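Below are the chains, spelled out letter by letter.
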Amino acid sequence: MNEYVIETKQVVKAYGSFLALNHVNLHVKRGEIYGLIGDNGAGKSTLLKLLAGHSYVTEGEIRLFGTYGAKELENSRKKIGFMVEQPGFFPNMTVEQTLTYYCIQKGIPDSRKVDEMLQLTGIDEKRRSRCKTLSLGQKQRLGLAIAMIGEPQVLVLDEPINGLDPSGILEFRHLLQCLNEEKNITILLSSHILNELQQVATMYGFLNKGILIEEVSARALQEKCSDCIEIILSDVEKYAVLMEKNFPAETYKIFPENNIRIYKPQRPAEVYSKLASENDIYITGMKTIQTSLEDYYMELKKRGGVQ
Amino acid sequence: MMNYIKSEFYRIFHGREIYRFIITLALLAFSFNAVLAWFRRMDDFPYGITSHSYSNLVASPLIFGLMGAIVGMILYEGNRRNGNLKNTVAFGISRTKIFISECIVTTIISLISMVIILAVYIGSAVMLLEQAGPVELNDLLTEVPAVFLIAVACLISGIVCIEAFGKSSTGIIIWTVIWFIFPKIFFYLGLRVDVLYDIAMWMPSNFFGMSGMTVNMSQCITAWETVGGMIKCLISGALGTIVSLAAGILLLRKREL
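Residues numbered from 1 in each chain as written. Chains lettered and ligands numbered in written order. Predicted model: local features only at pLDDT ≥ 70, side-chain atom pairs only at ≥ 80, totals over all residues.

Remarks on the overall build of chain B
Here is the rule we go by: In this description a helix means any DSSP run of H or I spanning at least four residues, a strand means any run of E spanning at least two, and both kinds are numbered starting from the N terminus. For every residue, the other C-beta atoms within 10 Å of its own C-beta are counted; 20 or more classify it as buried, 12 or fewer as exposed, and values in between as partly exposed. C-beta atoms are placed from the backbone. Placing C-beta atoms from the backbone, we regard two residues as in contact once those atoms come within 7 Å.
Regarding its fold elements, chain B presents twelve helices and two strands. If one aligns the C-alpha atoms of chain B with their principal axes, the spans along those axes are about 65 × 50 × 30 Å. Across the 257 residues that make up chain B, the buried fraction comes to 39%. Contacts spanning at least 24 positions in sequence make up 77% of the contacts within chain B whose residues lie at least 6 apart.

Here's what the structure looks like:
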């Protein structure tokens with residue numbers, strides 16, 4: 001079985017001379033909730049549209065469930081539920097008719113599936129309303145219901161919480177977590193609301209100006225973002241040895257340019273500076289860092305993805 | 001593809017558009033014959049006969065094509081704007097299959113519409129008007145198979161135009177140019193270049209209009225009354241259908257949504 005359910009290899013999407021996506025290598029593993037982070041115009045929707053088959057790559061390759069090629073991708077898409085950009089409906093059809101229409105299209109004759117989807121996404125009371133009368137939040141829910149038809153193994157959702165009210169956002173978050181944990185559905189969702197993504201995602205991809213600048217797991221990101229003391233030293237290797245000897249329980253990581261970060265330090269900062277000075281290691285800089293996901297993203301953008 | 005066709009029938013029969021279209025045209029057809037009958041009762045009105053009523057359709061065969069294109073446009077005009085196609089493509093159905101399914105669905109719906117509207121038209125003519133004149137029911141009934149493939153070509157090209165171009169109005173203008181302006185251009189160029197004239201005379205609006213088809217109150221000579229004429233209608237329609245289908249597949253298969 002392929003490790004990645006969604007994978008892009010050096011994907012380029014060009015509109016004339018403008019590169020909307022520039023050699024993107026995305027990797028979504030089975031069971032993950034993958035948060036695709038990027039500003040407006042970063043290329044998130046473009047990437048998801050390529051996955052959905054709404055547009056075509058200029059260069060590179062898309063693999064879904066390890067398969068590639070036009071026919072194979074079409075077949076693989078049957079196992080994926082997509083909600084990309086604004087969900088599309090026939091304005092004069094009712095919510096129930098719309099779901100029935102898409103159930104027929106997916107070859108699901110069981111009308112109970114429609115009820116199930118209506119209840120799951122919380123739009124049961126709107127079943128007889130025409131789609132054109134729905135609020136933005138209700139349209140999002142209907143879009144999710146359509147994506148959920150046929151019990152997909154993967155959900156691809158573009159800005160799914162747009163237009164939802166605070167309680168809707170909370171419900172939606174619970175729904176995603178429930179689908180992921182109970183039904184083992186892999187979820188790829190894009191958003192520029194980082195706090196919301198932070199609450200559900202297990203993996204992150206940072207997209208900036210069409211370039212996927214980093215993919216990082218939630219755990220690794222947490223480590224990176226958690227409180228740490230950053231010390232710039234004259235001899236970082238020697239200091240690391242001293243750390244191992246004196247404070248073996250501490251977690252630290254060495255970075256380029258004689259930089260060492262001690263994560264969640266268990267002692268006051270002075271203890272670490274004393275350790276250096278007592279062993280003839282000069283400290284040229286020292287600071288305490290606390291990074292939010294927003295800060296991390298901004299920093300990443302500034303550095304252009306260089307770690 | 002079968003699932004997509006089934007879902008489209010579900011959508012069409014649960015919508016109002018096609019019912020409105022059929023009811024409106026059936027009412028117009030009935031009203032037209034009713035007005036003719038009413039005028040005939042008031043004075044010595046010469047047009048209150050079945051021949052005149054039938055001649056409206058027999059003299060303008062492309063009206064069937066126009067109606068087919070309108071049905072296609074009614075059914076698929078909002079497809080791109082509403083974003084429904086995005087869901088269908090994301091379900092893993094190829095654009096080519098979607099397009100071919102749309103053509104099949106529109107052809108069947110157009111056929112059903114035509115049968116109902118023609119039944120009302122002929123029925124009301126027979127009931128309300130005097131059966132007289134050179135144009136007979138047979139001329140109208142033989143017109144249906146003669147123009148069937150041409151109408152299919154018209155409706156397929158209608159779907160292509162409405163879906164391939166961003167604005168519906170642009171699609172309608174291009175469809176009109178293809179079916180009415182291009183043949184005229186070819187015809188006039190054909191007056192100078194023989195090859196172009198031969199091509200022009202395979203175009204329906206030219207061979208219906210300029211190949212000696214005469215339908216009026218004194219005579220009825222149709223393009224399809226001879227075996228040769230009927231075959232020409234069928235070949236022209238088949239070519240038009242193939243060209244429209246090929247153009248649709250080429251234009252729509254790589255279209256960005």
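Focus on the overall build of chain A
Along its length, chain A carries eleven helices and 14 strands. With respect to the principal axes defined by its C-alpha atoms, chain A has extents near 75 × 40 × 35 Å. Within chain A, the fraction of its 307 residues that count as buried is 39%. For chain A, the share of sequence-separated contacts (at least 6 apart) that also reach a separation of at least 24 residues comes to 69%.

Things to note about the interface of chain B and chain A
Note the following rule: Amino acid classes used here: Ala, Val, Leu, Ile, Met, Phe, Trp, Tyr, Cys and Pro are nonpolar; Asp, Glu, Lys and Arg are charged; the rest, including Gly, are polar.
Listed as interface residues are 23 residues of chain B and, on the opposing side, 27 residues of chain A. If you list the elements that add at least two residues to the side of chain B that touches chain A, you get helix 1 (2-14) and helix 6 (84-90) of chain B. With seven residues, the top contributor of residues to the side of chain B that touches chain A is helix 1 of chain B. In terms of residue class, the side of chain B that touches chain A is made up of six nonpolar, eleven polar and six charged.

Things to note about helix 4 (residues 112-120) of chain A
Residues and elements named next belong to chain A. Cut-off, in case you're wondering: Directions are taken from the helix axis to each C-beta atom, and the arc is the one they span.
Along helix 4, the residues that are buried comprise Val114, Met117 and Leu118. Considered in projection along helix 4, the buried side chains sweep an arc of 100° and stay on one side of the axis. In helix 4, the exposed positions angled more than 90 degrees off the buried face are occupied by Arg112 and Gln119. In the core, the buried residues of helix 4 are packed alongside helix 3 (95-105) and helix 5 (136-148). Where helix 4 ends, the next residue or the one after it, Gly122, has phi of about 75°, a positive value.

Here we look at the domain arrangement of chain A
For the record, the criterion: For the domain bounds, the source is a domain assignment made automatically or taken from a database.
As assigned here, chain A comprises domain 1 (4-217) and domain 2 (227-290). Centre-to-centre separation of domain 1 of chain A and domain 2 of chain A, based on C-alpha positions: 44 Å.

Comments concerning the pairing of strand 12 (residues 251-255) of chain A
Residues and elements named next belong to chain A. Short version of the rule: Here, strands pair whenever DSSP counts at least two bridges between them.
Inspection of the sheet shows strand 12 paired to strand 13 (residues 259-263) by five bridges, in the antiparallel sense. Bridge pairing in strand 13 links Lys253 to Arg261. What sits between the antiparallel neighbours strand 12 and strand 13 is a turn of three residues, in which Glu257 has the positive phi angle 60°.

Overview of the packing of helix 2 (residues 17-42) of chain B against helix 7 (residues 95-128) of chain B
Residues and elements named next belong to chain B. To be explicit about the condition: Working convention: axes come from line fits to C-alpha atoms, limited for helices to the stretch in contact. Angles between N-to-C directions cover 0 to 180 degrees. For this classification, under 35 degrees means roughly parallel, over 145 means roughly antiparallel, 65 to 115 means roughly perpendicular, and everything else is oblique. In a left-handed crossing the near helix is turned counterclockwise from the far helix by less than a right angle, and in a right-handed crossing that turn is clockwise.
Between helix 2 and helix 7, the shortest axis-to-axis distance is 9 Å and the interhelical angle comes to 20°. With respect to each other, helix 2 and helix 7 are oriented roughly parallel. Pair helix 2 / helix 7 crosses with right-handed handedness. Residues Ile18, Phe21, Ile22, Leu25, Ala26, Ala29, Phe30, Asn33, Ala34 and Ala37 of helix 2 lie in contact with helix 7, whose contacting residues are Ile109, Ser113, Ile116, Ile117, Val120, Tyr121, Ser124, Ala125 and Leu128. Classifying every residue of the contact of helix 2 with helix 7 gives 16 nonpolar, three polar and no charged.

Topic: the sheet that holds strand 13 of chain A
Pairing between the strands of a sheet is mediated by backbone hydrogen bonds and can be parallel or antiparallel. Residues and elements named next belong to chain A. Taken in spatial order, the four strands make up an open sheet running 12-13-11-14, and their pairing is antiparallel. Lying at the two open borders of the sheet, with one neighbouring strand each, are strand 12 and strand 14 (283-289). Each strand of the sheet is rotated relative to its neighbour by a mean of 20°, with strand direction disregarded. Bridge count for strand 11 (residues 228-233) against strand 13 is five bridges, and the pairing is antiparallel. Opposite Ile232, over in strand 13, you have Asn259 as the bridge partner.

Some details on the sheet that holds strand 8 (residues 186-191) of chain A
Residues and elements named next belong to chain A. One open sheet accounts for six strands, arranged 6-7-8-4-9-10; its pairing is mixed. The strands lining the two open edges of the sheet, one partner per strand, are strand 6 (80-83) and strand 10 (211-217). Put simply, the sheet's adjacent strands are angled 15° from each other on average, direction ignored. Strand contacts of helix 11 (residues 293-303): strand 4 (33-37), strand 9 (203-208) and strand 10, with the helix running at about 45° to strand 9, the strand carrying the most contacts.

Overview of the nonpolar core
Just so we agree on the cut-off: A set of buried residues drawn from Ala, Val, Leu, Ile, Met, Phe, Trp, Tyr and Cys, joined through C-beta atoms within 7 Å, is what defines a nonpolar core.
Counting residues in hydrophobic clusters, the biggest one holds 113 residues, and the most contacted among them are Leu99, Ala145, Val156, Ile187 and Leu188 of chain A. Of all the elements, helix 8 (residues 137-164) of chain B adds the most residues to this core, at 15 residues. In contact with Ile187 of chain A, not counting residues within four places along its chain, are Ile33, Tyr34, Leu155, Leu157, Leu176, Leu179 and Asn180 of chain A. In this structure, Leu57, Met114, Ile117 and Val135 of chain B belong to the second largest nonpolar core, which totals 15 residues.

Section: unusual backbone geometry
All names here are of chain A. At Gln10, a residue that is not glycine, the phi angle is positive and equals roughly 50°. With respect to the helices, strands and loops of the structure, Gln10 is situated in strand 1 (residues 4-15). The exposed category is assigned to Gln10, around which 12 C-beta atoms lie within 10 Å.

A few points about the pairing of strand 2 (residues 18-24) of chain A
Residues and elements named next belong to chain A. Sheet topology note: the strand 1/strand 2 ladder contains four bridges and is antiparallel. Within the sheet, the bridge partner assigned to Ala14 lies in strand 2 and is Leu19. Counting the residues that bridge the hairpin from strand 1 to strand 2 gives two residues, and of these Gly16 lies at a positive phi of roughly 65°.

Quick word on the environment of Gly35 of chain A
All names here are of chain A. As for its position among the elements, Gly35 is in strand 4. Residues Gly35 and Val216, spaced 181 residues apart in sequence, show a C-alpha to C-alpha distance of 10.0 Å. If we skip the residues at most four places from it in the chain, Gly35 touches Leu189, Ser191, Leu197, Ala201 and Tyr204.

As for the packing of helix 7 of chain B against helix 8 of chain B
All names here are of chain B. Direction vectors running N to C along helix 7 and helix 8 enclose 150°, while the axes themselves pass 10 Å from each other. When the axis of helix 7 is compared with that of helix 8, the two are roughly antiparallel. Regarding helix 7 and helix 8, the two cross each other, and that crossing is right-handed. Note on element contacts: helix 8 touches helix 7 through Leu137, Val152, Leu155, Ile156 and Ile159, opposite Glu102, Cys103, Thr106, Thr107, Ser110 and Ile122. Taken together, the residues of the contact of helix 7 with helix 8 sort by class into seven nonpolar, three polar and one charged.

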